Amino acid sequence: MNASLRVLRALGTVACVTTLWTSVALADSTVALTANANPEYTKRKYESGRTRTESYVLMEGKFEEGTTADRSIDKMSFRQIAEFLAPELAKQRYLPTPDVKNADLLLVVHWGTTIPHVSSEQMKAVVIIDLEPAGDKPNGTNGVAPQETSAGAAAYVEAGGKMLSSAAFDQAMRQTDALDTTKLNENAQALGYTQELNRRKDRMFSSAQEVTMRSDLTTERYFIIIKAYDLKEKVAAGQTRKVVWTLHLNMRSAGQNFPTALTRMADVAVNFVGRSTDGMQSDMPKFRHGQVTPGSPRVVEEKK
């Protein structure tokens with residue numbers, strides 16, 4: 001029996017469940033993604049069930065280094081990222097070319113790590129249910145009449161005053177959080193959630209998908225953004241080229257290094273390049289299992 005198993009058995013069943021849950025959460029290999037493509041482009045690319053071959057050149061985009069020391073992503077060069085993406089892009093007949101003048105697409109790749117934003121309520125782990133002053137309630141702060149003794153009344157007034165002070169502080173902190181939305185907006189843009197969250201913001205109830213997206217904004221996540229520009233389109237001087245498709249991929253950074261995450265994101269990307277998704281989707285990489293069948297031994301050389 002190894003040491004870790006002995007520790008788990010010593011701690012008991014509850015500790016085992018907690019440990020296993022934590023390890024699963026940290027090693028989450030689910031890839032979240034959003035994809036948006038021009039319908040005309042998608043039709044042309046995948047028309048009649050045939051995938052059209054297109055050539056592309058890669059361009060290095062922006063790198064967001066995050067706030068934690070992550071040597072795995074800091075040491076990853078853009079060329080290495082391209083080497084991860086190229087085999088998956090080739091499965092949908094996107095082929096790299098050194099000939100910029102005759103390339104069909106320019107693929108710009110942005111990558112990095114999001115910076116979590118934590119509100120004051122999350123830091124304090126409290127939820128304020130009501131800010132109504134105690135005096136406005138018929139039976140006191142909790143709907144229960146205060147004690148009739150003078151000592152009880154004094155304690156009640158003191159507790160009410162502390163509650164009001166705390167409520168005022170919490171209200172001020174919430175107002176500060178409402179103003180400090182820059183980081184959340186940046187994370188939403190990096191993960192590709194902005195359009196979907198804006199579409200859902202006026203709904204009375206939050207869906208499970210929306211809750212997941214908002215949770216992702218407050219955790220550290222690796223992300224990859226691929227933007228495809230049409231190089232065949234003729235543009236006038238001063239105009240920018242049209243983006244024909246965009247793909248955002250992201251996954252939890254805790255418990256895995258960037259090369260591992262990049263492999264998983266690239267594996268999922270192959271099914272969504274040049275296409276559109278209905279909001280945010282999640283997918284799991286297809287882990288490939290190899291099999292080795294040993295043959296009969298053969299003598300190559302004998303030494304006397």
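Look above for the structure.
Residues numbered from 1 in each chain as written. Predicted model: local features only at pLDDT ≥ 70, side-chain atom pairs only at ≥ 80, totals over all residues. Heavy atoms only, no water.

### A closer look at the overall build of the chain
Okay, step 1: Helix and strand counts for the chain stand at 11 helices and seven strands.
Okay, step 2: Residues classed as buried in the chain amount to 32% of the 304 residues present.
Okay, step 3: A fraction of 78% describes how many contacts in the chain between residues 6 or more apart in sequence connect residues 24 or more apart.
Okay, step 4: Accessible area for the chain stands at about 19600 Å²; split by element, carbon and sulfur atoms hold 55% of it. (Helix = DSSP H or I, 4+ residues; strand = E, 2+ residues; numbered from the N terminus. Buried < 20%, exposed > 50% of the residue type's maximum accessible area, 1.4 Å probe, protein only. Contact = heavy atoms within 4.5 Å. Areas by Shrake-Rupley, 256 points an atom, 1.4 Å probe, with all protein chains shown as cover.)

### Structural notes on helix 11 (residues 258-269)
An α-helix turns once per 3.6 residues; consequently, residues spaced three or four apart project the same way.
Okay, step 1: Helix length check: helix 11, at 12 residues, gives a terminal C-alpha distance of 16 Å against a target of 16 Å (1.5 Å per residue), a fit within 8%.
Okay, step 2: A large share of helix 11 lies buried, amounting to nine of its 12 residues.
Okay, step 3: Considered for burial, the residues of helix 11 that qualify are Phe258, Ala261, Leu262, Arg264, Met265, Ala266, Asp267, Val268 and Ala269. (Expected span 1.5 Å × (residues − 1).)

### Some words on helix 5 (residues 78-90)
Okay, step 1: With 13 residues, helix 5 extends 18 Å between its outermost C-alpha atoms, agreeing within 8% with the 18 Å of an ideal straight helix rising 1.5 Å per residue.
Okay, step 2: Taking the largest bend as the criterion, helix 5 deviates by roughly 25°, centred on Phe84, and proline Pro87 comes between one and four positions later.
Okay, step 3: Every buried residue of helix 5 is listed here: Phe78, Ile81, Ala82, Leu85, Glu88 and Leu89.
Okay, step 4: For helix 5, the elements touching its buried residues are strand 2 (54-64), strand 3 (94-96), strand 4 (105-113), strand 5 (221-230) and helix 11. (Bend = angle between axes of the 7 residues up to and from the residue.)

### Some points on the pattern of salt bridges
Okay, step 1: Going through the model one piece at a time under the given rule, you end up with seven salt bridges.
Okay, step 2: Between Lys91 and Glu88 there is a salt bridge whose closest N-O contact spans 3.0 Å. (Salt bridge = Lys/Arg side-chain N within 4 Å of Asp/Glu carboxyl O.)

### Examining the packing of aromatic side chains
Okay, step 1: Following the criterion strictly, the structure yields four aromatic pairs and no others.
Okay, step 2: In this arrangement the basic side chain of Lys45 is found over the ring face of Tyr94, its NZ or CZ atom lying 3.6 Å from the centre.
Okay, step 3: For Arg275, the ring lying beneath its charged end belongs to Tyr46, and the centroid distance is 3.7 Å. (Phe/Tyr/Trp six-rings, centres within 6.5 Å; stacked < 30°, edge-to-face > 60°. Lys NZ or Arg CZ within 6 Å of the ring centre and 35° of its normal.)

### Notes on the nonpolar core
Okay, step 1: With 36 residues, the main nonpolar core has Tyr94, Ile224, Trp245, Leu249, Phe258 and Met265 as its most contacted residues.
Okay, step 2: Those elements that place two or more of their residues in this core are strand 1 (31-37), helix 5, strand 4, strand 5, strand 6 (243-252) and helix 11.
Okay, step 3: With seven residues, the top contributor of residues to this core is helix 11.
Okay, step 4: Leave out the neighbours within four places in its chain, and Tyr94 touches Tyr41, Lys45, Tyr46, Glu54, Tyr56, Leu89, Leu105, Trp245, Val273 and Gly274.
Okay, step 5: Within the second largest apolar cluster, 11 residues are counted, among which are Ala188, Leu191, Leu197 and Leu217. (Core = buried A, V, L, I, M, F, W, Y, C linked by side-chain atoms within 4.5 Å.)

### Considering the pairing of strand 1
For a regular strand, side-chain orientation follows a simple rule: the groups alternate between the two sheet faces.
Okay, step 1: Summarising burial for strand 1: six of the seven residues are buried, a large majority.
Okay, step 2: Pairing analysis gives three bridges linking strand 1 to strand 7 (residues 281-283), with the strands arranged antiparallel. When the sheet's bridge partners are listed, Ala32 is paired in strand 7 with Ser282.
Okay, step 3: Sheet topology places strand 1 next to strand 6; six bridges connect them, and they run antiparallel. Bridge assignment links Ala35 to a residue of strand 6, and that residue is Leu247. (Pairing = 2+ DSSP bridges.)

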